[in-house]
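Here is what each chain is made of, one letter per residue.
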Amino acid sequence: MASLMIKPNIISFLDVVTKIGDVELDLEEVLVKRGSYLENKNLIEAQIPKKTELIVLAIKKIEDGKMIFNPPIDYTFKIGDVLIVLGRDDQVDSLKNLGDEIK
């Protein structure tokens with residue numbers, strides 16, 4: 001943490017990103033479950049930012065546990081992958097519930 005103290009622009013950025021006015025943003029995890037909207041869709045097909053306004057920062061891949069930062073738009077989600085997203089709780093809930101209206 002000491003290294004962040006000598007990087008005030010990073011601290012400033014994190015303050016802005018996580019608290020914009022009265023809106024608090026959080027980093028959250030979203031698990032790709034069997035039968036979910038995300039299963040076997042790629043990032044562009046899922047349209048997460050358009051449908052939920054969340055920012056997908058990273059994906060932890062189920063097959064090898066590796067983290068993909070700034071994932072490519074053609075990455076296809078697999079059951080067990082974990083998305084690291086930035087947004088409000090209601091946006092995360094929206095992502096978790098995508099596709100429920102068509103089931």
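So, how was this worked out
- Along each chain, numbering runs from 1 in the same order as the chain's sequence is written.
- Restriction of local features to residues with pLDDT of at least 70 applies here, the model being predicted, together with a cutoff of 80 or more for giving and counting side-chain atom pairs; totals for whole chains, interfaces and linings are based on all residues.
- Only hydrogens and water are removed before side-chain values are computed, so all heavy atoms of the structure are retained for them.
- We count a stretch as a helix when DSSP gives it H or I for four or more residues in a row; a strand needs E for two or more, and each element gets its number in order from the N terminus.
- Throughout this description, buried means an accessible area under 20% of the type-specific maximum (1.4 Å probe, protein chains only), exposed means over 50%, and partly exposed covers the range between.
- Stacked, tilted and edge-to-face are the three classes applied to pairs of Phe, Tyr and Trp rings, where Trp contributes its six-membered ring and a pair requires centres within 6.5 Å; stacked means planes under 30 degrees apart, edge-to-face means over 60, and tilted covers the rest.
- Note on criteria: charge over ring means Lys NZ or Arg CZ within 6 Å of the ring centre, with the direction from the centre no more than 35 degrees off the ring normal.

Undergrad: Whenever I open this one, unusual backbone geometry confuses me. Can you help?
TA: In most cases, non-glycine residues show a negative phi, while peptide bonds are predominantly trans. Positive phi is not limited to glycine here, since Glu53 has a value of about 65°. Mapped onto the fold, Glu53 is located in the loop between helix H4 (48–52) and strand E4 (55–60). For Glu53, a relative accessible area of 58% corresponds to the exposed category. Phi is positive for Asn70, which is not a glycine, with a value near 50°. Locating Asn70 in the fold gives a position in the loop between strand E5 (67–69) and strand E6 (82–87). You can call Asn70 exposed: its relative accessible area is 64%.

Undergrad: Would you take a moment to explain the packing of aromatic side chains for this structure?
TA: Here a ring pair, both rings aromatic, is described through the centre-centre distance and the interplanar angle of the planes. Scanning all chains against the criterion turns up one aromatic pair. Taken together, a centroid distance of 6.0 Å and an interplanar angle of 70° make the contact between Tyr75 and Phe77 edge-to-face. Overall, Phe77 belongs to the buried group, its relative accessible area being 0%. Directly above the aromatic system of Tyr37 lies the positively charged group of Lys41, at a separation of 4.2 Å from the ring centroid.

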